[in-house]
Structures are given as structure tokens and as C-alpha cells.
Amino acid sequence: MDNRYNHRNRRKYSLKVHIVLVTKYRKQILKGSIADDAKQQIYDICNSKGYGIIAMETDKDHIHFLISYDTTDRVCDIVKLIKQQTTHYLWQKYPNFLSKCYWKHKIFWSDGYFACSIGEVSSTTIQKYIENQG
């Protein structure tokens, strides 16, 4: 059995995406317990929604994570959920610290994000495979 692929109903898939979220104004606040709590919250969100965390690490002003997800999910919805829930959680836990960093409440992440899908093979390999069909 090939464990590289997920099976559900009549679907066979392997969807993985590398996501990077940056703190608003690139504030260097992802350190210590805030970084640990942000990572734990992302783990909890992903576990509750059925996303698989393959890797995750923070820097002072951004976080990288690689997740696997289902064909019925959209990357923009995954990012929106993670940003909303982590922001809410961190503001509940660190209101005094975050209010010194941000003049507006309930802000933590910048508006945008980076997402890059990854596959098991290169795009050149897939292109050659498609060109050699028929």
C-alpha cells in the first residue's frame, strides 16, 4: 500500500502547502512563550480540522508551517481560520503585552500571507508525463 497518498471516499490525494504568516508591522514578538503558544494553538487548530502538521517553526517576526490538507479545503480558508483563532487566543492570554505593541486591539498578523503548494515530484517530471500520454 502506498502511504504517500490519502484516501477518502473516491478520492486519492496528497496535498501539502507551505504557509508563512508575518506579524503585523513585522514586530519581533514571536519569542518565548508567545511563540510557543502560537505554535501550540496552530497544532490544536490543525488537529481539530484534520490537517496534518508536517513541520513548523517560528522566527522573531514570522512563522513557517507545512501542512497536509483535504481536497475539500481551500488554502485561503485554512489561513483565515488560523489567523483568526491564534489572534483571538493570543490577545486573551497576553492583552497587556500586545496592547503595548499594537495600538489597535485584535491585530497580530499582517494582512497577507505566503503559500506555496508542494508535490512529490518536480513540475518538469509532471510536464514530461503529460506530454508522453496517449
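Residues numbered from 1 in each chain as written. Predicted model: local features only at pLDDT ≥ 70, side-chain atom pairs only at ≥ 80, totals over all residues. Heavy atoms only, no water.

Draft legend 1. Region of the structure containing helix H1 (residues 32–49). Relative to the 26 Å expected for 18 residues at 1.5 Å per residue, H1 spans 26 Å between its end C-alpha atoms, a close match to the ideal helical length. When we look at burial in H1, the residues that qualify are Ile34, Ala35, Asp37, Ala38, Lys39, Gln41, Ile42, Ile45 and Cys46. Contacts made by the buried residues of H1 are with strand S4 (52–58), strand S5 (62–69), helix H2 (75–93) and helix H3 (95–101). Positive backbone phi, at 85 degrees, marks Gly50, one or two positions downstream of H1. (Helix = DSSP H or I, 4+ residues; strand = E, 2+ residues; numbered from the N terminus. Expected span 1.5 Å × (residues − 1). Buried < 20%, exposed > 50% of the residue type's maximum accessible area, 1.4 Å probe, protein only. Contact = heavy atoms within 4.5 Å.)

Draft legend 2. Quick peek at the state of the cysteines. One pass over the full model with this rule turns up zero disulfides. Cys46 carries a free sulfur, and the closest cysteine sulfur to it, the one in Cys76, is 15 Å from it. On the basis of relative accessible area, Cys46 is assigned to the buried category, the value being 0%. Judged by its relative accessible area of 35%, Cys76 falls in the partly exposed class. (Disulfide = S-S within 2.5 Å.)

Draft legend 3. Examining the sheet that holds S5 more closely. Across the sheet, which stays open at both edges, the four strands sit in the order S4-S5-S3-S6 with antiparallel pairing between neighbours. Both outer strands of the open sheet, S4 and strand S6 (114–118), are each paired with one neighbouring strand and no more. Within this sheet the neighbouring strands show an average axis-to-axis angle of 15 degrees, counted without direction. Pairing analysis gives eight bridges linking strand S3 (residues 15–22) to S5, with the strands arranged antiparallel. The partner of Val22 across the bridge, within S5, is His62. (Pairing = 2+ DSSP bridges. Axes fitted to C-alpha atoms, helices over the stretch in contact; angles between N-to-C directions.)

Draft legend 4. View of the packing of aromatic side chains. Under the counting rule described, the total for this entry stands at two aromatic pairs. Ring geometry for Tyr25 versus Tyr102: centroids 6.2 Å apart, planes at 40 degrees, classification tilted. Of this pair, Tyr25 sits in the loop between S3 and H1 while Tyr102 sits in the loop between H3 and S6; the two residues are 77 residues apart in sequence, bridging distant segments of the chain. Ring centres of Phe108 and Trp109 lie 4.8 Å apart, and the angle between their planes is 80 degrees; on these two criteria the pair is classed as edge-to-face. Judged by relative accessible area, Phe108 falls into the buried class, the value being 1%. Over the ring of Tyr25 we find Lys24; its NZ or CZ atom is 5.6 Å from the centre of that ring. (Phe/Tyr/Trp six-rings, centres within 6.5 Å; stacked < 30°, edge-to-face > 60°. Lys NZ or Arg CZ within 6 Å of the ring centre and 35° of its normal.)

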